[in-house]
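Geometric and topological summary
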Amino acid sequence: MTQDFIVFPKVGECSYVSCYCEENVWKLCEQVKKNNPSVLPKCYSVFVSNAGRTVPLWRQKAGRGDDKVVIWDYHVFFMHCVGQNRCLVYDLDTTLPFPTYFHKYVTETFRSDLALRPEHHRVFRVIPAEEYLAEFASDRRHMRRPDNTWIKPPPPYPPIATSGTSHSLDDFICMTPGKGPGTVHSLSQFVQQFYKPPNLQQTTQQNQ
């Protein structure tokens, strides 16, 4: 990966709290805006979920078995498009390298919907990093039990809020097309949007 700019050279230098992936990614966006603002327009926050909030992902640190598979209600990762149809994925919860090229990450993390029940098909909400920084908010209510104790310890910094709301997380997890921030894609649409095979890139260039 030496030929591409690595926006986060070391995973240990990134803000990370287990089970708060949406805030971890917000912090990555914040870090880019502070240290590499010219790169921010090429960066995205990507939410993965579905209507039933049951999405299988492989190669996750919290996963089980040799394939490290886990079923989340949702997951969030950071993506930097370093060139035409060439993106790097930064997932703080993956067992894959940090970062990993888009095609490898998608192939090993999501595999295919063909072998899954329809209720487990993954849907993706892609939000430009600048928009994510401006609109995301979470008072962490989803991480509290009915008795108000924490399911998992929260990050040490104050909850993320905007001038208009203290909680917009549900708008990001919702996978209804046309509603909420960013754009919503199926797995195949997501791949088509951000990955073009090298031979197809060459053919496109020759036809121009």
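Here the residue numbers are simple positions, counted from 1 along each chain's written sequence. For this predicted model, a pLDDT threshold of at least 70 governs which residues receive local features, and a threshold of 80 or more governs which side-chain atom pairs are given and counted, while totals over whole chains, interfaces and linings are taken from all residues. Side-chain calculation: all heavy atoms of the structure are included, whereas hydrogens and water are not.

We now examine the overall build of the protein. When helices and strands are counted, the protein shows six helices and eight strands. In DSSP terms, a helix is any run of H or I states spanning at least four residues, a strand is any run of E spanning at least two, and both are numbered starting from the N terminus. Beginning at the N terminus, the succession of helices and strands in the protein can be written as α-β-β-β-β-β-β-α-β-α-α-β-α-α. Here the globule rule reads 2.2 Å times residues to the power 0.38, and the radius of gyration is calculated from C-alpha atoms. A globule of 208 residues ought to have a C-alpha radius of gyration of about 17 Å, and the protein, at 17 Å, matches this closely. Seen through its C-alpha atoms, the protein measures out along the principal axes to roughly 60 × 40 × 35 Å. Using a 1.4 Å probe on the protein chains alone, a residue whose accessible area is under 20% of its type maximum counts as buried, one over 50% counts as exposed, and one in between counts as partly exposed. Across the 208 residues of the protein, 43% fall into the buried class. Taking contacts inside the protein between residues at least 6 apart in sequence as the whole, the part at least 24 apart equals 69%. Pairs of residues are marked as contacts when any of their non-hydrogen atoms sit within 4.5 Å.

Topologically, Ser 168 is positioned in the loop between α3 (129–135) and α4 (169–173). Its relative accessible area of 7% is what places Ser 168 among the buried residues. Each residue touching Ser 168, except ones within four places of it in the same chain, is listed here: Glu 135, Phe 136 and Ala 137.

Let's shift gears to the pairing of strand β7 (residues 123–128). Two strands form a pair only when DSSP identifies at least two bridges running between them. Sheet analysis places strand β1 (residues 43–49) next to β7, joined by six bridges and oriented antiparallel. By the bridge assignment, Tyr 44 is partnered in β7 with Pro 128. Alignment of β7 against strand β8 (residues 183–186), held across four bridges, turns out to be antiparallel. Each bridged residue has a counterpart across the sheet, and for Phe 124 the counterpart in β8 is His 185.

Attention shifts here to helix α5 (residues 187–194). Turning to α5, its buried residues are Leu 187, Phe 190 and Phe 194. End-on view of α5: buried residues confined to an arc of 60°, all on one side of the axis. The inward-facing, buried residues of α5 contact β1, β4 (75–83), β5 (86–90), α2 (102–109), β7 and β8. Here the arc refers to the directions that run from the helix axis out to each C-beta atom.

Let's shift gears to the packing of aromatic side chains. Ring pairs (aromatic) are described by centroid distance and by the angle formed between their planes. Two rings from Phe, Tyr or Trp (for Trp, the six-membered ring) form a pair when their centres are within 6.5 Å of each other. A pair whose planes differ by under 30 degrees is stacked, one over 60 is edge-to-face, and the rest are tilted. For the coordinates displayed, the defined rule picks out 20 aromatic pairs. Ring geometry for Phe 8 and Phe 78: centres 5.2 Å apart, planes at 75°, overall edge-to-face. With Phe 8 in the segment before α1 (21–35) and Phe 78 in strand β4, this pair connects stretches of sequence that are 70 residues apart. We note that Phe 8, like Phe 78, is buried. Pairwise contacts between aromatic rings join Tyr 44, Phe 77, Phe 102, Tyr 105, Phe 110, Phe 124, Phe 190 and Phe 194 into one cluster.

Okay, the sheet that holds β4 next. Read from one edge of the open sheet, six strands run β6-β5-β4-β1-β7-β8, paired in antiparallel fashion. Each edge of the open sheet is held by one strand with a lone partner, namely β6 (100–101) and β8. In terms of strand pairing, β5 meets β6 through two bridges, oriented antiparallel. In the strand pairing of β6, Val 89 is matched with Thr 100. Docked against the sheet, α5 engages β1, β4, β5, β7 and β8, running at close to 110° with respect to β8. Every axis in this analysis is a line fitted to C-alpha atoms, fitted for helices over the stretch in contact. Angles between the N-to-C directions lie between 0 and 180 degrees.

So, on to the pairing of β1. Burial analysis of β1 places seven of its seven residues in the buried class, the great majority of the element. Here β1 shows a buried face lined by Cys 43, Ser 45, Phe 47 and Ser 49 and a second buried face lined by Tyr 44, Val 46 and Val 48. Here β1 runs beside β4; their pairing, made up of six bridges, is antiparallel. Pairing of Cys 43 across the sheet is with His 80, part of β4.

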